[in-house]
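Chain by chain, the residues:
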Amino acid sequence: MNDAASSSPEPRSTDTDAPLAYWARPIVVAGFVCVLMAIKLVMAGTTELIRDEAYYSLWALHPLQASYFDHPPAVAWFIKAGYALLGPSELAARLPAVLSVGLVSLAVFRTAMLVFGDRRIAAYSVYAFNLTPGAMLGLLVITPDAPSMLFWMLSIWSAAELLRSNDGRWWLVFGLFAGLGLAAKYTGLFLGAGVVLWLLFDRRNRHWFTSPWLYAGGAVALAIFAPVIAWNLNNSLSSFEFQFGRSARGLQWFDWTDTKHLPEFLAGQIALLLPGLFIMGAAAHWRFARHRSERGNRGFALLIWTGIPALVYFITFSLHSVTQGNWTWPLYAQWSIVGAWAIYAWKPEWAWLRTIQRWTRRAQVPVGALVAAVIFAQAQFQPVRLPFADQTLTMHGWTEVASNIETERRRAGIGTILARGYGLYGYLETYGRFAGHGYRVLPLDEFHRYGFVDLPASDDAIDWPVLVAVHVSGTEPPTGPPAAIANANPPAQWFTRIVRPAADGAPASAIDLYRLERPETPLFGSD
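Cut-off values and rules
Residues numbered from 1 in each chain as written. Predicted model: local features only at pLDDT ≥ 70, side-chain atom pairs only at ≥ 80, totals over all residues. Heavy atoms only, no water. Helix = DSSP H or I, 4+ residues; strand = E, 2+ residues; numbered from the N terminus. Rg over C-alpha atoms; globule rule 2.2 N^0.38 Å. Buried < 20%, exposed > 50% of the residue type's maximum accessible area, 1.4 Å probe, protein only. Contact = heavy atoms within 4.5 Å. Areas by Shrake-Rupley, 256 points an atom, 1.4 Å probe, with all protein chains shown as cover. Lys, Arg positive; Asp, Glu negative; His and termini not counted. Charge placed at Lys NZ, Arg CZ, Asp CG, Glu CD. Pairing = 2+ DSSP bridges. Axes fitted to C-alpha atoms, helices over the stretch in contact; angles between N-to-C directions. Parallel < 35°, antiparallel > 145°, perpendicular 65-115°, else oblique. Left-handed = near helix turned anticlockwise from the far one by under 90°. Nonpolar A, V, L, I, M, F, W, Y, C, P; charged D, E, K, R; others polar. Polar contact = N/O pair within 3.5 Å; in protein donor to acceptor, adjacent residues only side chain to side chain. Patch = residues over 30% accessible without salt bridge, like charges linked within 9 Å, V, L, I, M, F, W, Y side chains within 5 Å. Salt bridge = Lys/Arg side-chain N within 4 Å of Asp/Glu carboxyl O. Phe/Tyr/Trp six-rings, centres within 6.5 Å; stacked < 30°, edge-to-face > 60°. Lys NZ or Arg CZ within 6 Å of the ring centre and 35° of its normal. Core = buried A, V, L, I, M, F, W, Y, C linked by side-chain atoms within 4.5 Å. pLDDT = per-residue confidence, 0-100.

### A look at the overall build of the chain
Each helix and strand counted, the chain has 20 helices and 5 strands in total. For 527 residues, the compact-globule estimate of 2.2 N^0.38 gives 24 Å, and the C-alpha radius of gyration of the chain, at 25 Å, lies within 12% of that figure. Seen through its C-alpha atoms, the chain measures out along the principal axes to roughly 80 × 50 × 50 Å. Put simply, the chain has 527 residues, and 55% of those count as buried. The contacts in the chain between residues at least 6 apart in sequence include a share of 76% that link residues at least 24 apart. In the structure as shown, the chain presents an accessible area of about 22,100 Å², 62% of it carried by carbon and sulfur atoms. The positive charge centre, built from 40 side chains, and the negative charge centre, built from 37, are 12 Å apart in the chain.

### With respect to the sheet that holds strand 5 (residues 507–516)
If you walk across this open sheet you meet the 5 strands as 2-1-3-5-4, and the pairing is mixed. In this open sheet, the two strands that pair with only one neighbour each are strand 2 (440–443) and strand 4 (493–501). This sheet shows a mean twist of 30° between the axes of neighbouring strands, independent of strand direction. Pairing between strand 1 (residues 416–419) and strand 2: 4 bridges, direction parallel.

### Regarding unusual backbone geometry
Residue Pro465 is bonded to the preceding Trp464 through a cis peptide linkage, with omega at 0°. Structurally, Pro465 is set in the loop between strand 2 and strand 3 (466–472). For the bond from Asn489 to Pro490, the omega torsion is 5°, close enough to zero to count as cis. Relative to the helices and strands, Pro490 is located in the loop between strand 3 and strand 4. Its identity as a non-glycine residue notwithstanding, Ser236 has a phi of 55°, on the positive side. With respect to the secondary-structure elements, Ser236 resides in the loop between helix 10 (212–234) and helix 11 (238–252). Even without being a glycine, Leu274 presents a positive backbone phi close to 80°.

### Let's talk about the packing of helix 7 (residues 145–165) against helix 9 (residues 188–200)
Remark: helix 7 packs on helix 9, axes separated minimally by 11 Å, with the N-to-C direction vectors making an angle of 20°. In terms of orientation, helix 7 lies roughly parallel with respect to helix 9. At the point where helix 7 passes helix 9, the crossing takes the right-handed sense. Between helix 7, through Trp152, Ser155, Ile156, Ala159 and Leu163, and helix 9, the contact on the second element is made entirely by Gly188, Phe190, Leu191 and Trp198. Taken together, the residues of the contact of helix 7 with helix 9 sort by class into 7 nonpolar, 2 polar and no charged.

### Side note on the side chain of Thr430
On the secondary structure map, Thr430 appears in helix 20 (residues 422–435). Judged by relative accessible area, Thr430 falls into the buried class, the value being 0%. In terms of polar contacts, Thr430 uses its side chain to reach the backbone carbonyl oxygen of Ala54, at 3.3 Å.

### What to know about a positive patch on the surface
On the surface, Arg354, Arg358, Arg361 and Arg362 cluster together into a positively charged patch. Structurally, Arg362 can be placed in helix 18 (residues 351–381). By relative accessible area, Arg362 is classed as exposed at 53%.

### A short note on the environment of Pro501
Mapped onto the secondary structure, Pro501 falls in strand 4. Considering only alpha carbons, one finds Pro501 and Val401, 100 residues apart in sequence, at a separation of 8.6 Å. What Pro501 contacts, discounting residues up to four positions off in sequence, is His396, Gly397, Glu400, Ala506 and Ala508.

### Topic: the packing of aromatic side chains
Within this structure, the stated rule accounts for 45 aromatic pairs. With a centroid separation of 5.5 Å and an interplanar angle of 70°, the aromatic rings of Tyr68 and Phe452 are classed as edge-to-face. Here Tyr68, found in the loop between helix 2 (51–61) and helix 3 (74–86), pairs with Phe452, found in the loop between strand 2 and strand 3; they are 384 residues apart in sequence, far enough to count as distant. Sitting over the face of the ring of Tyr344, Arg361 holds its NZ or CZ atom 5.2 Å from the ring centroid.

### Regarding the pattern of salt bridges
Under the counting rule described, the total for this entry stands at 17 salt bridges. For Asp145, the salt bridge identified is with Lys185, shortest N-O distance 2.9 Å. Pair noted here: Asp145 is in helix 7 and Lys185 is in the loop between helix 8 (170–182) and helix 9, with a separation of 40 residues, a long-range link. Several salt bridges converge on common partners, so that one network encompasses Asp70, Glu446 and Arg449.

### Description of the nonpolar core
Judged by nonpolar contacts, the single largest core of 139 residues is most densely connected at Trp59, Trp171, Trp341 and Leu428. Among the elements that make up this core, the one with the highest residue count is helix 4 (residues 90–116) (14 residues). Residue contacts for Trp171: discarding those within four places in its chain leaves Leu162, Val195, Trp198, Leu199, Trp208, Trp213, Leu214 and Gly217. Of all hydrophobic cores here, the second largest spans 17 residues; its members include Leu418, Val472, Tyr514 and Leu516.

### A closer look at the confidence of the model for the chain
Taken as a whole, the chain shows an average pLDDT of 91; of its residues, 94% reach a score of 70 or greater. Under a pLDDT of 50 for its full length, residues 1–16 has, in the predicted model, 50 contacts with residues more than four places off or in other chains.

Structure representation (structure tokens):
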């Protein structure tokens, strides 16, 4: 692309060129962030946990581990901290995710100022990032994405401070946040690879390879991540195999017809970033690749190179398997910064791109706010039953389910519930603990996930009979006990069904309960 007029993103302030727009004033940006956090706190405390949140809550309700089968432990730290502050509740579990909004926003603003020196870009980056559906959800619900997004952006900020100050001690700060990011999700490995690319591809950065501070920062990151490595070594590398093995598994049956997943992945990113920011961020990457003048700004290069390894991996992965939309959420903050640069500091030659630039500048924030309002209204009130999988349907009714299970198990004189699936196990134990119910919940299957749970050594450690809980999505008649107990002798007996209501009171799903006497074939300790 040949631009008749382009603006190289060298750090400089335009504040003296014209009066600063009201919306770009730091106090206004801070007010926006505070209002957004307040709204999210209300949402966090008035909706119930989604399935994965309930599962991660299990991690915090049991003694903390160095790592877990599904992910490293940072999400458990976050939830545990919330429970310690407020006591077990939805608000407590999500509190660290919501508070992260403020820290990430501050890091975005400061990084944009360090790199571009333009308060319009810095302010717009904060607005655009926070009003993407990805950030709106990722820093509300408590999943590993929340600490991953926080520590990734704090790592980028510390690298920007390093670049501005040339003080090698910032590598220690970078190592701290990069290590914490690795303790959140293995996605953090891509950040380390991106920093290496940033150092390699600009000769002005290469002197850091001879600095002890770089290696000291790496040692800090490794020290934080070392317990996760040790846990994997002691558990047959199960978490590494689960997360990294699917890449190799996908390549084993790679078929070009599977490239349907690439457009699905791109469509998901367009939806989660919103179209304008997606296009302008992509255009910024394209211009960086084509123009030496843009690559001359080491701060701009930092924002680009640190995201490249993750982008390449996820795009490649989508050529053979489904790539989940949330996997790229840690990149959204820096994507918002380069997108804001493309909106405010670049004058593209092509008319169609100038049109998108103009409309994105005007519409990204209000459209993002409208989308956020729709998402929050759906989560809170569920005015519409969507024709596809709707996570907001899971955000109501579990308190009532737990109460009804307590009533039914007391009626039956039974103290133990066996739950099929990690989601139902998480829901029943979490909401049983929230309300102080007296039942004991144990998993019926997927025992490889529960190294953090003190499972019975044998069936002798269980008070029989038990109730087996099965989550069913519809209201059709029961189809019989789950496979794990389908052939139990004596056979499981139908007991009752508990309907879980949605926000509007209509049935959202149901839990079927079966009464099970001690079977001849052991359920626990049979390995």
